[in-house]
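# Tertiary structure, described
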Amino acid sequence: MSQPREWKTIKEYQDILFDFYHGIAKITINRPRYRNAFTPKTTSEISDALLICRECQDINVVVLTGAGDKAFCSGGDMHVKGHGGYVGTDGVPRLNVLDVQKQIRSIPKPVIAMVNGYAIGGGHVLHVVCDLTIASENAIFGQTGPRVGSFDAGFGSSYLARIVGQKKAREIWFLCRQYSAQEALEMGLVNKVVPFDQLEDEVVEWAETMMQHSPLALRMIKAGLNAELDGQAGIQELAGDATMLYYMTDEAQEGGKAFLEKRKPDWSKYPKFP
């Protein structure tokens, strides 16, 4: 059985739970009645929680999961799908889950998908864009888009193909079949499969292992892995991290100090490594 843990609420939401334990933030889609399908309200709340995760110094690793034992996330809630997107309480059609996908990739901390059941459609894409995926043995993976009049030609296709290969990605999208956790493991779609009652233990263990490592090194390697795939946007992320590192050096400080002191900077004392 899973070890008991005292998760503390970070912030109250309507559609998600947002909890903290020993450096780990856990975002749980809390709509089990709808197999944790998301509405614009759900994704806006996830987006807000991810922003807090990025800003909070005490949060080192982020976990994304679904409530209950049936589903991680079954994608967009078809009950609120309208012309142009998913319609929220304001009556405006949105595809704001795309913003969440970008946030998961750009947040400078590891994000683990804790897949506890169905990861289908847009829910499948959410786990794909996470840095790591740990699944329970009852997890089910697959796409539904072309079968229900939808698709994700962004990360849901291009990044999926980088993970499982072009042929398998086309099979997943064109046939809309469902795959077991073991099949997902064999195609490299997930990192590990464990019994359901050990899922949280495994995820916490992976998170704790990463927290023993240099957070800046993890940040840079995540940015580097993304940069090749994300074009100029990815290069900007990596360059921004490099700029941050540069600002932390004495050499960068000399430039700023010289400007404020109205003198010429002395660059001669800084090394020029080969």
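Being a predicted model, the structure only gives us computed values, none of them experimental.

To continue, consider the overall build of the protein chain. In terms of regular secondary structure, the protein chain is built from 11 helices and 14 strands. For the C-alpha atoms alone, the extent of the protein chain along its principal axes is close to 65 × 45 × 40 Å. Averaging the positions of the 30 positive and the 33 negative side-chain charges in the protein chain gives two centres separated by 5 Å.

This brings us to the packing of aromatic side chains. Applying the stated criterion to the full structure yields 4 aromatic pairs. Aromatic side chains Tyr-246 and Tyr-247 sit 6.3 Å apart centroid to centroid with 40 degrees between the ring planes, which places their arrangement in the tilted category. Where Trp-267 meets Tyr-270, the ring centres are 6.5 Å apart and the plane angle is 55 degrees; that geometry is what we call tilted. A cation over an aromatic ring shows up here: Lys-26 above the ring of Trp-7, its NZ or CZ 4.2 Å from the ring centre. A cation sits over an aromatic face here: Arg-105 above Tyr-159, 4.5 Å from the ring centre.

Examined against the element boundaries, Arg-105 turns out to sit in helix H2 (residues 97-106). Here Arg-105 falls in the buried class, since its relative accessible area comes to 5%. A polar contact of 3.0 Å, which involves the side chain of Arg-105, links it to the side chain of Asp-230. Filtering out sequence-adjacent residues up to four positions away, Arg-105 remains in contact with Val-129, Phe-155, Tyr-159, Lys-222, Asn-226, Leu-229 and Asp-230.

To continue, consider helix H8 (residues 199-210). Counted at 1.5 Å a residue, the expected span for H8 with its 12 residues is 16 Å, and the 17 Å between its end C-alpha atoms agrees. Within the span of H8, buried status applies to Leu-199, Glu-200, Asp-201, Glu-202, Val-203, Val-204, Ala-207 and Met-210.

The next thing to look at is the UniProt feature "binding site: substrate" (unreviewed entry) in the protein chain. The residues that UniProt annotates with the feature "binding site: substrate" (unreviewed entry) are Arg-35, Tyr-86, Tyr-118, Ala-119, Ile-120, Gly-121, Gly-122, Thr-144, Ser-150, Tyr-247 and Lys-262. What Gly-121 contacts, discounting residues up to four positions off in sequence, is Gly-142, Gln-143 and Thr-144. Structurally, Tyr-247 can be placed in helix H10 (residues 231-247). In this structure Tyr-247 touches Ala-252 and Gln-253, once residues within four positions along its chain are discounted.

Bridging between strand S1 (residues 8-9) and strand S2 (residues 16-21) involves 2 bridges; their strand directions are antiparallel. Directly across from Thr-9, in S2, lies its bridge partner Asp-19. Taking the residues that link successive antiparallel strands as the turn, the S1-S2 hairpin has 6 residues. Bridge count between S2 and strand S3 (residues 24-29): 6 bridges; the pairing is antiparallel.

Turning to the packing of helix H5 (residues 155-164) against helix H6 (residues 166-175), a few remarks are in order. Close contact between H5 and H6 brings their axes to 7 Å; oriented N to C, the two are set at 130 degrees. Judged by the angle between their axes, H5 and H6 are oblique. With respect to the hand of their crossing, H5 and H6 are arranged in right-handed fashion. Along its contact with H5, which presents Gly-156, Ser-157, Leu-160, Ala-161 and Val-164, the element H6 presents Gln-166, Lys-168, Ala-169, Ile-172 and Trp-173. The class makeup of the residues in the contact of H5 with H6 is 6 nonpolar, 3 polar and 1 charged.

Moving on to the UniProt feature "binding site: hydrogencarbonate" (unreviewed entry) in the protein chain. Summarizing the sequence annotation, UniProt attributes the feature "binding site: hydrogencarbonate" (unreviewed entry) to Gln-143, Thr-144 and Gly-145 in the numbering used throughout. You can call Gln-143 buried: its relative accessible area is 3%. Not counting the four nearest positions on each side in its chain, Gln-143 is found in contact with Gly-121, His-124, Val-125, Ile-172, Trp-173, Cys-176 and Arg-177. Reaching out from Gln-143, the side chain makes a polar contact with the backbone oxygen of Gly-121 at a distance of 3.1 Å. Tracing the sequence through the fold places Thr-144 in the loop between strand S12 (140-142) and helix H4 (145-148).

Ordered in space as S5-S10-S12-S13, the 4 strands form an open sheet in which the pairing is mixed. Strands with a single pairing partner mark the edges of an open sheet, and in this sheet they are strand S5 (71-73) and strand S13 (178-180). Mean inter-strand twist for the sheet, computed between neighbouring axes without regard to direction, equals 25 degrees. Bridge count for strand S10 (residues 118-120) against S12 is 3 bridges, and the pairing is parallel. Each bridged residue has a counterpart across the sheet, and for Ala-119 the counterpart in S12 is Phe-141.

Once that is clear, we can look at unusual backbone geometry. Backbone geometry places Arg-35, a non-glycine residue, at a positive phi of 50 degrees. Assignment of secondary structure puts Arg-35 in the loop between S3 and helix H1 (40-55). Residue Arg-35 is classed as partly exposed on the basis of its relative accessible area, which comes to 42%. Positive phi, close to 55 degrees, is recorded for Cys-176, a residue that is not glycine. As for its position among the elements, Cys-176 is in the loop between H6 and S13.

Each value, and the rule that gives it
Residues numbered from 1 in each chain as written. Predicted model: local features only at pLDDT ≥ 70, side-chain atom pairs only at ≥ 80, totals over all residues. Heavy atoms only, no water. Helix = DSSP H or I, 4+ residues; strand = E, 2+ residues; numbered from the N terminus. Lys, Arg positive; Asp, Glu negative; His and termini not counted. Charge placed at Lys NZ, Arg CZ, Asp CG, Glu CD. Phe/Tyr/Trp six-rings, centres within 6.5 Å; stacked < 30°, edge-to-face > 60°. Lys NZ or Arg CZ within 6 Å of the ring centre and 35° of its normal. Buried < 20%, exposed > 50% of the residue type's maximum accessible area, 1.4 Å probe, protein only. Polar contact = N/O pair within 3.5 Å; in protein donor to acceptor, adjacent residues only side chain to side chain. Contact = heavy atoms within 4.5 Å. Expected span 1.5 Å × (residues − 1). UniProt positions renumbered as here; feature names shortened; annotations may be inferred. Pairing = 2+ DSSP bridges. Axes fitted to C-alpha atoms, helices over the stretch in contact; angles between N-to-C directions. Parallel < 35°, antiparallel > 145°, perpendicular 65-115°, else oblique. Left-handed = near helix turned anticlockwise from the far one by under 90°. Nonpolar A, V, L, I, M, F, W, Y, C, P; charged D, E, K, R; others polar.

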